[in-house]
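Report on the structure
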Amino acid sequence: MKVLIIGANGFTGRRLLQDLSSRKDYIVTGASLHNDIQPGKNYSFIRADITNEEEVRLLFEITQPDIVINTSALSVPDYCETHRDEAYLINVLAVRQLAEHSTHYRSRFIHLSTDFVFDGQTDKLYTEQDIPNPVNYYGVTKWEGENEVARICDNYAIVRVVVVYGKALPGQHGNILQLVANKLRNKESIRIVSDQWRTPTYVGDISRGIEALIETPLNGIYHICGNECLSIVEIAYRVADYLQLDRSLIQPVRTKEMKEVTPRPRFSGLSIEKAMRNLNYSPISLEEGMKAMFNASTATS
């Protein structure tokens, strides 16, 4: 089975490249805008700009994929808010183009999305049936991207993830858990929002969930995330306690005190009941995820 991973230089994309290329029944190609991934033993790499129509056409012509996994996105909310044309180009128009080519080649299209499609005005975990209502432009573009996939494709899955964490590979940016760990190890204080809640997602669970969706020809939206809904400051405290660092350096602050220009949903925990039922999805705990992240020698694979 030929698998094309778009955004293979990103945090989640690189993990997928690593995991899927280890399977003998997959022929894997990674594609990204930058040449920071060299061809590996079990996969090939093609540089491609997904906003360039000709480059996308050639990418599909060369790879002839059975499965296309799109992990690429412009995903920094503050940047999206002030660079709306660029955000729309990458998160909507490029996604439309990938969906069209996937349909043309009869490829199954698996597209990653986000909890930020919701407004957070609830205290219950969001299900796949809940209607999105994003509060920032990043969320708007991701929801529109979802709609393009559902409109164009007849063989697709949309995967919503939340606060993805795990061990960063060389050259990659970290995540909130790594940021907290780095600050506390340097004995620096850090302000963390206390009145926003998420369901943090171990990157290896996303990989396993997507692999299940490759093998399961079911269309629709799937929430692939962790099974613990925590405030962001509680996530930070868990990191401090796990690494036995000084939790008093963590300063809880409310959203209003953060004075963020771009609004975020207050509560965006996602229900994984559908994925558990249809995909036999079973995420690891945050404790297990931190073990995998911080103790590579004893990592959960």
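Residues numbered from 1 in each chain as written. Predicted model: local features only at pLDDT ≥ 70, side-chain atom pairs only at ≥ 80, totals over all residues. Heavy atoms only, no water.

1. Quick notes on the environment of leucine 4
Positionally, leucine 4 belongs in strand E1 (residues 2–6). On the basis of relative accessible area, leucine 4 is assigned to the buried category, the value being 0%. For leucine 4, the residues in contact, after removing those within four places along its chain, are Thr29, Ala31, Leu59, Phe60, Thr63, Pro65, Ile67, Val68 and Ile69. (Helix = DSSP H or I, 4+ residues; strand = E, 2+ residues; numbered from the N terminus. Buried < 20%, exposed > 50% of the residue type's maximum accessible area, 1.4 Å probe, protein only. Contact = heavy atoms within 4.5 Å.)

2. A short note on the pattern of salt bridges
Enumeration over the complete set of coordinates arrives at 20 salt bridges. Residue arginine 238 pairs with glutamate 228 through a salt bridge whose shortest N-O separation is 3.3 Å. A residue pair is termed long-range when its members are at least 10 positions apart, and arginine 238 in helix H8 (residues 232–243) and glutamate 228 in the loop between strand E11 (220–223) and strand E12 (230–231) qualify at ten residues. Residues arginine 238 and glutamate 234 are paired through a salt bridge, measuring 3.2 Å at the closest nitrogen-oxygen approach. (Salt bridge = Lys/Arg side-chain N within 4 Å of Asp/Glu carboxyl O.)

3. Describing the side chain of threonine 216
Looking at the element boundaries, threonine 216 is found in the loop between helix H7 (203–215) and E11. What threonine 216 contacts, discounting residues up to four positions off in sequence, is Arg108 and Leu279.

4. Some remarks on the confidence of the model for the protein chain
Keep in mind that low pLDDT regions are not for reading the predicted coordinates in detail. In the predicted model, the protein chain carries a mean pLDDT of 94, and the fraction of residues at 70 or more is 96%. Every residue in residues 297–301 is under pLDDT 50, and counting partners more than four places away or in other chains gives nine contacts. (pLDDT = per-residue confidence, 0-100.)

5. Observations regarding unusual backbone geometry
Backbone geometry at glutamine 64 places phi at a positive 45°, although glycine is not the residue there. Within the secondary structure, glutamine 64 is located in the loop between helix H2 (53–63) and strand E4 (67–70). Classification of glutamine 64 as partly exposed rests on a relative accessible area of 36%. With a phi angle near 55°, asparagine 280 is a residue other than glycine that sits in the positive phi range. By secondary structure assignment, the location of asparagine 280 is in the loop between helix H10 (273–279) and helix H11 (286–294). Owing to a relative accessible area of 69%, asparagine 280 belongs among the exposed residues under this scheme.

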